[in-house]
Amino acid sequence: MTASRIAQGGTAIDRSQPIRFSFDGSTVEGFAGDTIASALLANDVAVVGRSFKYHRPRGIWGAGVEEPNALVDIGGERATPNTRATTEPAREGLEARSVNATPSALTDRNAFLDRFARFIPAAFYYKTFMWPDWHMFEPRIRAMAGLGKVDAGWTSPGTADQINHHCDVLVVGAGPAGLAAARLAAGAGLSVTLIDDQQRAGGSLGHRTGEIDGKPASVWAEETVAALAASGHLILPSTTAFGIYDHNLVGLNQRHFDGRPDTLWRVRPRRIVLATGAIERPLPFANNDLPGILSADAGLSYLRRHAVLAGRRIVVATNNDSAYEVAQAVAEAGADVTLVDIRREGTPTAPAKVRVIKGRALASASGKLRVEAVTLDDGSRFDADCVLVSGGWTPTIHLFCQAKGKLAWSEARAAFLPGDPVDGIAVAGAAAGAVSLSEVFAGCENAVAAPGQAKVAMPRSTGAEATGGISAAWPKPGSKGRIWIDYQNDVTVKDVELAARENFISVEHLKRYTTLGMATDQGKTSNLPGLALMAGITGRTVPEVGTTTYRPPFTPVPLASFAGARAGALMAPVRRLPLEGAHRESGAVFQEYGGWLRPAHYGGRDADADRAIQDEALRARQSVALFDGSTLGKIEVIGPQADAFVDFLYYNTMSTLKPGRCRYGFMLSENGVVFDDGVLVRLDEHRFVVSCSSSHVSAVHARLEEWRQDRFGRDAVYIHNATSEMATLTVSGPNARKLIETLDLRLSLDEADLPHMAVGHGSYGGDEVRIARVSFTGDRSYEISIRADRAEPLWAHLREAGKAFDAVLIGLEALMILRAEKGFIVIGKDTDGTTLPHDLGSEGPRTKRQTEYVGRRSLFTDEASRNNRLQLVGLTVPSGEAPLPTGAHGIKRGNGRLHSQGFVTSSYLSPALGRPIALGLIERGAARHGETIEIQHLGKISSATIAAPCAFDPAGDRLHA
Amino acid sequence: MQLFPCPFCGPRDETEFHYGGDAGNVRPDGADVPIDRWANYLYLRGNPKGAAREIWVHMTCGEFFVMERDTLSHKVLSSAELGGEHTI
Ligand SMILES: [Zn+2]
């Protein structure tokens, strides 16, 4: 036994609640309040994982979020890979596995890789597996790469809550600085939210000694938190501020330990206090990655919080004062302690029972699977089963830097400290470089509010205080042995030297080349030593080398937190028809079209779908079809300048339209491209209805609003999107009028009163209805618009009365066939981002209109006037052949190569014509009707003949039949 | 996430807004506008580093407005209704 649980103490553990869990298949015993790491340490499990590249044995280094080594995969239904053992509570029955190790951390079979380490330098994989083809090697290398494994047994814990929160002051970190700042802010009458990533507040006060306002520091911490909570301030334990985003939005991830998924908080505080503390650094010596070598502060934390003594023969290696308290504590707990301080002078008083060696540094550690001995730089060697290391403190300034804060180098503290303040953000405590409690509290005074605003006195440190003496001990170039800089990514001093030799001396290049500072710990312990070494190699100062960019998240955040409720059906919610229930009763098969869930066809699932669609399209031509067109845009344009407005918005002149009539037209973008097509209805002198494409309604509406506000003015026109207020039921076919007559809609259906492209008003069941003679099928059609909530009886009536006419319900797929038979286009399908109106055969307004309209000037450019533009055509295939594939290219031959001369945009089998039909955009197509061209698809060449777009009833007789 | 001040609704999350283009990009009317002038209107953007005047639309209330902001610091300097009656 070396590491062990001692009989007394442990502020975090409850000895009355023993627990058992498994690690790599072995049973580990602990107490409630243990982390996985503290329990492993108490059970003397030294090797807890294997390193990323060389599969070196690695042990626990830290006691918090900075942990680079002790990553574990948690198994079971809430399986989570790459969890830090140092922050994960141990619980009864938990299954933990080491990462990157097979079969276990202790007996990893890839450990042999370490013997080949000198053949696997930085960038080895990039450089070596180039020839003949990286993809040959990729699968095996990928299988070896990475850390934890995703567990297929994972089940969703449900939807993560996302909470938006506002407060006056958000304090990040509940150590001495955070508590003092929160207390001050509360005293000034501000609303405070105090968060900490630990389950218990107090930060370093939980394991470092001190006295505040005459009380033990940990008691003061508990009382302060209780007082804040009692006055209604929000305290969030187990919560990490992972990012500060634009305008000081702070992202928090809150853990729960009861099976619930984490909670994501989006906080908009008026002021942020970052009291995020500091993280202890390693010291450079050969084999400084051996299990049993821990951060000194972590060693103290395990002792005081979990009653775990990390070794029996402990060497404390330091370059600063903070390790002296650690040495004293582990000695008092019964360990044999040697303290090695690189400083010869200016050191604190030697603690009792501790052997102190001054002016010496560790040169190397040795041992097979854990540290067994250390050698000093004078060659002296002695046994040790644990080394507690303090290489100084790196302030946790990630959030400050994310908020674009600039850093200032402090030679005295051997660290980057926050520089010029950022609006709305204060940094306090160890994160700002403070060491003693007096320093911490003094720095908090102005962090929260205007001076003098606070009504409570500052806390006072009344006991012995920590001192901040340090002498920098950065890794040195040319050092002997393998000195690890980044434990998680297996980056050594030699790797950084190699990067420098190959001129990757910029800190960002160094990171990418060696992977220093990447992966789950993001270099919390390694970044500063790495860039200090680069400074040493290249003869620059540390601030000249600078730091890499700090990006969120500070610690990993589950994707479930970011997703929240936006998953499954709520990922992109569909809009639903008012008559969806009725369609379901009719056996509709639904699909999403432009955000709407609409009937694709009625009956005929899977293999029978095509037959059902063909049947609907055929019967629609024979008698009468019923179609739900409720999604069609209905945007009202009202006002004294409504006619001038629609003239400007449409390519076609619309002001000449008479009230009660409709006209088909295009809307263009300013670059001349056709943006939407549809029918404009003029209800009266000053009132129009823009009937735009279903999937385009919000875009058209936004466009109308933009021109209204920017060009016409609020008093000139008013725009109202009434699309979802009304359902539109379409009756189409040779017997459409006979079916409508049975409804008694209280209006004349005579040709003189309601001709094609006219609109009339009637009523049904006491509700006003609007009937438009507009056709998407080429057959006589009536579009009946009625209040959406009263549409159901009318739809039922139509279906019932339709039985006498063998009426057919048609879905969108059959309608697409009927449209294509007539050569009616769908914008975005039969057109693309280059199609101009004259490419579609609409030349009139371009040549004749004298008034201004959107996109006008763009129709007269060289590009718009090019004589080889792609133009809308129909394409026919020899009888007996299958429909052309949509997207197939029309080709021409030249210089021994094939060149595209356009493509197929829509292609169907027409049941009415008994042959395939197609639409396409073909070079100069309008002038080439009758010409046969070659079509290529997936290497196969067939032929098609160019025709007019309209294949069915070209004379249009059926509109009036 | 940035907070943009709609002149009508006050500060709202940036996700509620759409960008509408550079402010002051006046549309030249007519079929005979010089092609360079038209191309500038369609495509040429200042893309300033620093203070920028832009048109934005608050999708939830539908109003287009002028916002001045700093493209580097993301500070919002002002926002005003088109025509300039409401200002924040
Ligand atoms: Zn608004």
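Fair warning: this is a prediction, and the values are worked out from it, not measured in the lab.

A. Representation of the coordination of the zinc ion. All names here are of chain B. For the zinc ion, the full set of protein donor atoms is Cys6 (SG), Cys9 (SG), His58 (ND1) and Cys61 (SG), and the range of their distances to it is 2.0 to 2.3 Å. Coordination at the zinc ion comes from 4 donor atoms whose angles at the metal span 107 to 112°, giving a geometry best classed as tetrahedral. In terms of primary sequence, the donors binding the zinc ion are separated according to C-x2-C-x48-H-x2-C. On the criterion of sequence distance, the pair formed by Cys6 in strand β1 (residues 3-6) and Cys61 in the loop between β4 (51-58) and β5 (63-70) is long-range, its members being 55 residues apart. On the accessibility criterion, Cys6 (0% relative accessible area) is buried. Classification of Cys61 as partly exposed rests on a relative accessible area of 31%.

B. Expanded view of the environment of A:Leu106. All names here are of chain A. Among the secondary structure elements, Leu106 is positioned in the loop between β8 (95-98) and α2 (124-128). Spatially, the C-alpha atom of Leu106 lies 7.8 Å from that of Gly49, the residues being 57 residues apart in sequence. Leaving out residues up to four positions away in the same chain, Leu106 has contacts with Val47, Arg50 and Leu369.

C. Seen up close, the pairing of strand β3 (residues 26-32) of chain A. Of the strand pairs in this sheet, strand β2 (residues 14-23) of chain A and β3(A) are connected by 7 bridges, and their pairing is antiparallel. When the bridges of β3(A) are listed, A:Asp14 appears paired with A:Ala32.

D. Local environment of the pattern of salt bridges. All names here are of chain A. Evaluated as defined, the whole model comprises 60 salt bridges over all chains. The salt bridge involving Glu325 is made with Arg304; its shortest N-O contact spans 3.0 Å. Here Glu325, found in helix α7 (residues 323-332), pairs with Arg304, found in helix α6 (residues 296-306); they are 21 residues apart in sequence, far enough to count as distant. One salt bridge in this structure joins Arg737 and Asp750, with 3.2 Å as the shortest N-O distance. Note that Arg737 is positioned in helix α19 (residues 736-741) and Asp750 in the loop between α19 and β43 (759-764), a separation of 13 residues in sequence. Judged by relative accessible area, Arg737 falls into the partly exposed class, the value being 22%. Relative accessible area serves as the criterion here: at 40%, Asp750 is assigned to the partly exposed category. The network of salt bridges with shared partners includes Arg56, Arg58, Asp114, Asp289, Arg482 and Asp490.

E. View of the interface of chain A and chain B. Facing the 26 residues of chain A at the interface are 27 residues of chain B. Carbon and sulfur atoms make up 47% of the area that chain A and chain B hide from each other, which totals about 2,200 Å². Counting across the chain A and chain B interface gives 7 salt bridges. Across the pair A:Arg714 and B:Glu81 runs a salt bridge whose closest N-O atoms are separated by 3.0 Å. Seen at the junction of chain A and chain B, the total is 18 residue pairs in polar contact (both at pLDDT 80 or more). For the side of chain A that touches chain B, the leading source of residues is helix α18 (residues 697-712) of chain A, giving 7 residues. Across the side of chain A that touches chain B, the residue classes break down as 8 nonpolar, 6 polar and 12 charged.

F. Quick look at the sheet that holds strand β18 (residues 293-295) of chain A. Residue and element names in this part refer to chain A. With parallel pairing, 5 strands are arranged side by side in an open sheet as β18-β26-β20-β21-β22. Unpaired on one side and paired on the other, β18 and β22 (354-358) mark the two borders of the sheet. Across the sheet, the mean angle from the axis of one strand to that of its neighbour is 20°, orientation sign disregarded. With 6 bridges connecting them, strand β20 (residues 313-318) and strand β21 (residues 336-341) associate as parallel partners. Bridging across to β21, Val316 finds its partner in Leu339. In the packing of α6 onto the sheet, the strands contacted are β18 and β26 (386-390), and the crossing angle to β18 comes to about 85°.

G. Structural view of the sheet that holds strand β33 (residues 575-576) of chain A. All names here are of chain A. Strand order in the open sheet made by the 3 strands is β33-β35-β34, with mixed pairing throughout. Either end of the sheet is taken by a strand with one partner, and the two such strands are β33 and β34 (588-593). Bridge count for β33 against strand β35 (residues 596-602) is 2 bridges, and the pairing is parallel. Its bridge partner being in β35, Arg576 is matched across the sheet by Leu597.

H. Molecular detail of the packing of aromatic side chains. Here the structure, examined in full by the defined rule, presents 18 aromatic pairs over all chains. Ring centres 4.9 Å apart and planes at 70° place the aromatic pair A:Trp409 and A:Phe416 in the edge-to-face group. Taking the centre distance of 5.1 Å and the plane angle of 45° together, the rings of B:Trp38 and B:Tyr41 count as tilted. Linking B:Trp38 with B:Tyr41, this pair stays in helix α1 (residues 35-43), spanning 3 residues, or about one helical turn. Here the aromatic cluster, defined as three or more aromatic residues joined through ring pairs, consists of B:Phe4, B:Phe17, B:Tyr19, B:Trp56 and B:Phe65. The ring centre of A:Phe675 lies 3.6 Å from the NZ or CZ of A:Arg703, which sits over that ring.

Definitions and cut-offs
Here the residue index of a chain counts from 1 through its sequence in written order. Naming scheme: in the order in which they are written, chains are lettered from A and ligands are numbered from 1. In keeping with the model being predicted, local features are shown solely for residues with a pLDDT of at least 70 and side-chain atom pairs are shown and tallied solely at 80 or more, while totals for entire chains, interfaces and linings include all residues. Hydrogens and waters are ignored; side-chain quantities use all the structure's heavy atoms. Only N, O and S atoms count as donors, using a 2.8 Å cut-off from the metal and 3.2 Å for Na, K and Ca, and because water is excluded some sites may appear unfinished. Here a site with four donors is tetrahedral if all angles are between 85 and 135 degrees, and a site with four or six donors is square planar or octahedral if opposite donors are over 155 degrees apart and the other angles are between 65 and 115; anything else gets the irregular label. To qualify as a helix, a DSSP run of H or I must reach at least 4 residues; to qualify as a strand, a run of E must reach at least 2; elements of each kind are numbered from the N terminus. Buried residues are those whose accessible area, probed at 1.4 Å on protein chains only, stays under 20% of the maximum for their type, while exposed residues exceed 50% and partly exposed ones sit between those limits. Here, two residues are considered to be in contact whenever any of their heavy atoms come within 4.5 Å of each other. In this description, strands pair whenever DSSP reports at least two bridges between them. Should a side-chain nitrogen of Lys or Arg be within 4 Å of a carboxyl oxygen of Asp or Glu, the pair is scored as a salt bridge. By convention, the term buried area covers the 1.4 Å-probe accessible surface removed from two parts as they join, with the contributions of both added. Pairs of N or O atoms are called polar contacts if they sit within 3.5 Å, as long as, within protein, a hydrogen donor faces a hydrogen acceptor (for residues adjacent in sequence, only side-chain-to-side-chain pairs). Under the grouping applied here, Gly and all other residues not named as nonpolar or charged are polar, the nonpolar ones being Ala, Val, Leu, Ile, Met, Phe, Trp, Tyr, Cys and Pro and the charged ones Asp, Glu, Lys and Arg. Lines fitted to the C-alpha atoms define the axes, with helices restricted to the stretch that makes contact. Angles between their N-to-C directions range from 0 to 180 degrees. The pairing test for Phe, Tyr and Trp rings, Trp by its six-membered ring, is centres within 6.5 Å, and the orientation test on the planes gives stacked under 30 degrees, edge-to-face over 60, and tilted for anything in between. Here, a charge over a ring is recorded when the distance from Lys NZ or Arg CZ to the ring centre is within 6 Å and its angle to the ring normal is within 35 degrees.

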